[in-house]
Amino acid sequence: MGKLNQVADGVWVRQSEWAWTNSIVVRGEDGLILIDPGIDGSELNQLADDVDRLGIPVVAGFSTHPHWDHLLWHPRFGDVPRYATPAAAHVASQARERAQAMAAESASGIPLDLVALVTPLPADGGPVPGETIEHQAHAVGHAAVLLADRGVLLAGDMLSDVLIPLFDFRQDDQVGAYEAALDRLGEAAGHVDVVVPGHGAVAEGPEVAARLAADHAYIDALRRGEEPVDARLGPHADWLFGPHRSNLEQAQGR
């Protein structure tokens, strides 16, 4: 896992070796908010070291969506409120045992007793700064966080340079949901210079528009029932073949 890098005023990112997962630290009015911290126990401990060096207390956590790798925590972050959108918090609560099992299987040293302990984010956003943009693409209650005053969009598992659009087929019309989400994120991206995805490299400047275009092209191909042509499906992305095939077959069947 790399070091904690500042990408904008009061916004830091640290990337895991596991699926290029980004842990995000945001300075709020009263302290730090940790967004999707991960992944394994040693990395969470290193992130705690980085946070300690900032000298600002952690006041809250936020999970962008209810997948296990975005529902993690460490005792050193403190016993503070951890939030998700109401829909995501409900799913996380209902599927907590499954999230714990997947965390135990996929990474080492994770404090399993702290997995998925999230509560609904207040309507006013509580301690999470900026605007929360909720949609239903990729997962129930998925949220991005727009920090317009800092020129940053925290996109969750969207707008990645390593992950193709991945769907939650427990929900109806994920192709349509993804199109609607990209439209909303595109509006938000007009206010920023930096996009931080849940997995992959931070996008800056022209790369922001390129990420949007890549996801739109992928979804457009699925809508037409065609095989997407996408650099993210290259020789180093074999581990994505399964989800990609599911996306394509589901879209063609609609």
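Please read these numbers as outputs of a predicted model, since none were measured by experiment.

As recorded in UniProt, the sites labelled "domain: Metallo-beta-lactamase" (unreviewed entry) are residues 20–199. Secondary structure content for residues 20–199 is 28% helix and 22% strand, and the end C-alpha separation is 5 Å.

Moving on to empty space enclosed by the protein. If you walk through the whole model with that rule in mind, you get 1 cavity of 30 Å³ or more. Estimated volume of the largest cavity: approximately 40 Å³. Tallied by class, the residues present in the lining of the largest cavity amount to 6 nonpolar, 3 polar and 1 charged.

Judged by nonpolar contacts, the single largest core of 26 residues is most densely connected at Leu153, Met158, Leu159, Tyr178, Leu182, Val195 and Ile219. Those elements that place two or more of their residues in this core are strand E9 (142–147), strand E10 (152–156), helix H4 (174–189) and helix H5 (206–223). Here this core takes 7 residues from H4, the largest share from any one element. Core analysis: the next-biggest nonpolar cluster, separate from the first, contains 19 residues, Val13, Phe62, Ala143 and Val145 among them.

The rules behind these values
- Once a new chain begins, its residue numbering starts again from 1 and follows that chain's sequence as written.
- Note on the predicted model: pLDDT of at least 70 is required for a residue's local features to be given, and 80 or more for side-chain atom pairs to be given and counted; whole-chain, interface and lining totals, by contrast, use all residues.
- To get the side-chain values, all heavy atoms of the structure are used, and hydrogens and water are removed first.
- UniProt positions are given in the numbering used here, feature names are shortened, and annotations may be inferred rather than shown by experiment.
- Elements are defined by DSSP. Helices are runs of H or I of four residues or more, strands are runs of E of two residues or more, and each kind is numbered from the N terminus.
- Here a cavity denotes grid points, spaced 1 Å and computed from the protein atoms alone, that fit a 1.4 Å probe unable to get out, and a pocket denotes an open set having protein on both sides within 12 Å along at least 5 of 7 lines; residues with an atom within 4 Å of a point are the lining.
- Grid points are joined across faces, edges and corners, and a volume is the space filled by probe spheres set on the points.
- Residues were grouped as follows: Ala, Val, Leu, Ile, Met, Phe, Trp, Tyr, Cys and Pro as nonpolar; Asp, Glu, Lys and Arg as charged; and all remaining residues, including Gly, as polar.
- Residues belong to a common nonpolar core when they are buried Ala, Val, Leu, Ile, Met, Phe, Trp, Tyr or Cys residues joined through side-chain atoms within 4.5 Å.
- Residue exposure (1.4 Å probe, protein chains only): buried if accessible area is under 20% of the type maximum, exposed if over 50%, otherwise partly exposed.

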